[in-house]
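Spelled out, the chains give:
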Amino acid sequence: MPKEQANWSPYDNNGGSCFAVAGADYCVIAADTRMSTGYNILTRDTQKSVNYKCVMASSGFQADVKALQKHLAARHLIYQHQHNKQMSCPAMAQLLSNTLYYKRFFPYYSFNVLGGLDNEGKGCVFTYDAVGSYEKVGYSSQGSGSTLIMPFLDNQLKSPSPLLLPARDAVTPLAEAEAIDLVKTVFASASERDIYTGDKLEIVVINADGIRREYMDLRKD
Amino acid sequence: MKLDTTGMESAAPVWGSHNELVDEFSAAPSFELPNTTDFDGFQKEAIQMVKPAKGTTTLAFIFKEGVMVAADSRASMGGYISSQSVKKIIEINPYMLGTMAGGAADCQFWHRNLGTKCRLHELANKRRISVTGASKLFANILYSYRGIGLSVGTMIAGWDETGPGLYYVDNEGGRLKGMRFSVGSGSPYAYGVLDNGYRYDMSVEEAAELARRAIYHATFRDGASGGVASVYYVGPNGWKKLSGDDVGELHYRYYPVMPSTVEQEMVEVTGA
């Protein structure tokens, strides 16, 4: 008698897109607020970003995203107790990478972008795959809409690769207001062609004055 | 033979003995495994999610003046280019480099782990670790995880007391010492150019140009390789990055567009 295979998978894909762009003295992180499973929408108002001094936005399996956020929050708190200061963005980036890799054989199904200001106050964005490989970039998008968003960003923002020698600056030359406009345009377009992206857009802006949040409505269909 | 099991300790905390969160660095990395009857099937599915960057071209060779290491910078997930600016040459310490091919996260994590081990060796023994030693440490770890699904094809290049050293180490636990290696989907193309132009007594500039050309030709013919061709040199004083060139620009530098002579010119017809 043929062996029966379990057809229960611990993973599910809740869709959604997230995106971050780094500027000379700011960083903009955005994520939509729709959570879906298959063709159903579970909620129109979920929060996909979480912040300390830097903001992490994630898409993929929201349960794993929540677990990952809790884990990072705990580690961040321990760091604050031990070092009497908040974690810097590059430090958080390395921590996130290690946290993801420690689950290498049972991965967090979470595709993340991390954005913030580095130690000199310049914007920085880190982009991750599900098991923790990461890279500092000028802009990045993850999630179901990323294949729609990335080519447009490459066209508008294509920054010189950090690997070039002599080195050229990787941050975008856009001003903060222009960058926020760009984010809104990008998500409006992604919602047109990606069924998993839409409802509302949550934008987080980090600059020298601190962190602020904005919301924008997207297509609800 | 005693297997290196520092990476394989159980994650379950012993009752009352330690706080799992705080001890994560002092203990060796320990991995949670999923509770399934079919581990391999689960891994196959999990891998689909991760789709490591197998497409790549990296190469390294020893010559009279030291070691030359070069790589492209493209990462692909299936047919989608996930990044054109991946750092595939990893700086383990100021006189040793590692190249990345296979799973990006696997290579990044274990190279960083190797850097930590090398530093601990230096502190414990008051002298730098040899390239032989570092590559052996790495190979032992990979051998311990053999069959579990890591994907790593790396070259460890460095300069130690015995001179230049180059080893190839892969996720099967294989470790080879050699003078010329190329790893990745673009390696056949790179070998063609590299083996043809190689001479032991080249100058640093000639060797760098050979490495750059080999990577360029591999990116030209292999769809999974591209981006920026980085070239590093490892000499008696450590490694130095020599160049990072976009391969698209390299193409026009090697094969500039010649304005062709016009044979027949079209002229506008006037009137009816």
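An unreviewed UniProt entry annotates chain B as Proteasome subunit beta originating from Gossypium barbadense. UniProt annotates chain B under Catalytic activity (unreviewed entry) with the comment "Cleavage of peptide bonds with very broad specificity."

Per an unreviewed UniProt entry, the recorded name for chain A is Proteasome subunit beta type-1, and the organism is Gossypium darwinii. The Function (unreviewed entry) comment attached to chain A in UniProt states, word for word, "Non-catalytic component of the proteasome, a multicatalytic proteinase complex which is characterized by its ability to cleave peptides with Arg, Phe, Tyr, Leu, and Glu adjacent to the leaving group at neutral or slightly basic pH. The proteasome has an ATP-dependent proteolytic activity."

Could you clarify how one ought to interpret unusual backbone geometry in this entry?
Negative phi is the rule for most residues except glycine; trans is the rule for most peptide bonds. All names here are of chain A. Positive phi values are uncommon outside glycine, yet Asn84 reaches one of about 60°. Positionally, Asn84 belongs in the loop between helix 1 (62-83) and helix 2 (89-101). Not every positive phi belongs to a glycine, and Asp199 is a case in point at roughly 75°. Judged by its relative accessible area of 0%, Asp199 is buried.

Please clarify how the UniProt feature "active site" (unreviewed entry) in chain B should be interpreted in this entry.
All names here are of chain B. If you check UniProt for "active site" (unreviewed entry), the listed places come out as Thr56 in our numbering. Within the fold, Thr56 resides in the loop between helix 1 (39-50) and strand 1 (58-63). A residue is classified by how much of its surface remains accessible, and Thr56, at 1% relative accessible area, is buried. Apart from residues lying up to four places away in sequence, Thr56 is in contact with Asp72, Lys88, Met100, Ala101, Val183, Gly184, Ser185, Gly186, Asp222, Ala224 and Ser225. Polar contacts involving the side chain of Thr56 include one to the side chain of Lys88, which spans 2.6 Å.

Quick question: what am I supposed to make of the interface of chain A and chain B here?
By convention, interface size is frequently given as the accessible area that disappears when the constituent parts associate. Each side of the interface is counted separately: chain A has 34 residues, and chain B has 42 residues. For the pair chain A and chain B, the two sides together bury roughly 3400 Å², of which 63% comes from carbon and sulfur. Considering only the surface of chain A that becomes buried against chain B, Tyr102(A), Phe105(A) and Leu163(A) emerge as the three largest contributors, covering 27% of it. Seen at the junction of chain A and chain B, the total is one salt bridge. A salt bridge links Arg104(A) to Asp106(B); the shortest N-O distance between them is 2.5 Å. Our enumeration of links across chain A and chain B arrives at 10 residue pairs in polar contact (both at pLDDT 80 or more). Of all the secondary structure elements, the ones that give two or more residues to the side of chain A that touches chain B are helix 1, helix 2, strand 9 (134-137) and helix 3 (146-157) of chain A. Taken together, the residues of the side of chain A that touches chain B break down into 19 nonpolar, 10 polar and five charged.

Help me understand the packing of aromatic side chains, please; the structure alone is not making it clear to me.
For any pair of aromatic rings, geometry is given as the distance between the ring centres together with the angle between the planes. Taken as a whole and judged by the stated rule, the model has 27 aromatic pairs over all chains. Centre to centre, the rings of Tyr11(A) and Phe106(A) are 6.2 Å apart; their planes meet at 75°, and the pair counts as edge-to-face. In this pair, Tyr11(A) sits in the segment before strand 1 (17-22) while Phe106(A) sits in the loop between helix 2 and strand 7 (110-117), placing the two residues 95 residues apart along the sequence. When the centroid spacing of 6.3 Å and the interplanar angle of 25° are considered together, the rings of Phe105(A) and Tyr145(B) count as stacked. Taken together, the positions of Phe105(A) in the loop between helix 2 and strand 7 and Tyr145(B) in the loop between helix 3 (131-144) and strand 7 (153-160) put the pair across two chains. Side by side, Phe105(A) and Tyr145(B) carry an identical accessibility label, which is buried. By way of ring pairs, the aromatic residues Tyr101(A), Tyr102(A), Phe105(A), Phe31(B), Phe109(B), Trp110(B) and Tyr145(B) are connected into one cluster.

Honestly, the pattern of salt bridges in this entry has me stumped. Any pointers?
Between side chains of opposite charge, a pair can form as their charged atoms come close. Scanning all chains against the criterion turns up 20 salt bridges over all chains. One salt bridge in this structure joins Glu202(A) and Arg213(A), with 2.0 Å as the shortest N-O distance. Taken together, the residues span a long stretch of sequence, with Glu202(A) in strand 11 (residues 200-207) and Arg213(A) in strand 12 (residues 210-217) at a distance of 11 residues. Overall, Glu202(A) belongs to the buried group, its relative accessible area being 2%. Looking at Arg213(A), the relative accessible area reads 31%, which means it is partly exposed. For Arg119(B), the salt bridge identified is with Glu122(B), shortest N-O distance 3.2 Å. Taken together, the residues Arg119(B) and Glu122(B), both in helix 2 (residues 104-125) and three residues apart, mark about one turn of the helix. What emerges from the salt-bridge pattern is a single network uniting Glu209(B), Arg212(B), Arg213(B), Asp245(B) and Arg253(B).

Any chance you could explain the nonpolar core here in plain terms?
The tendency in soluble globular proteins is for nonpolar side chains to be buried side by side. Residues and elements named next belong to chain B. Among the nonpolar cores identified, the biggest contains 32 residues, and Phe31, Met96, Trp110, Phe138 and Ile156 are the most heavily contacted of them. Of all elements in the fold, only strand 5 (89-93), helix 2, helix 3 and strand 8 (163-170) reach the threshold of two or more residues within this core. Setting aside its immediate chain neighbours within four residues, Phe138 contacts Trp110, His111, Leu114, Val152, Thr154, Ile156 and Val169. Among the nonpolar cores identified, the runner-up in size contains 24 residues, and Ala190, Tyr198, Val231 and Tyr254 belong to it.

Reading guide: rules and limits
Residues numbered from 1 in each chain as written. Chains lettered and ligands numbered in written order. Predicted model: local features only at pLDDT ≥ 70, side-chain atom pairs only at ≥ 80, totals over all residues. Heavy atoms only, no water. UniProt positions renumbered as here; feature names shortened; annotations may be inferred. Helix = DSSP H or I, 4+ residues; strand = E, 2+ residues; numbered from the N terminus. Buried < 20%, exposed > 50% of the residue type's maximum accessible area, 1.4 Å probe, protein only. Contact = heavy atoms within 4.5 Å. Polar contact = N/O pair within 3.5 Å; in protein donor to acceptor, adjacent residues only side chain to side chain. Buried area = accessible area lost by both parts, 1.4 Å probe. Salt bridge = Lys/Arg side-chain N within 4 Å of Asp/Glu carboxyl O. Nonpolar A, V, L, I, M, F, W, Y, C, P; charged D, E, K, R; others polar. Phe/Tyr/Trp six-rings, centres within 6.5 Å; stacked < 30°, edge-to-face > 60°. Core = buried A, V, L, I, M, F, W, Y, C linked by side-chain atoms within 4.5 Å.

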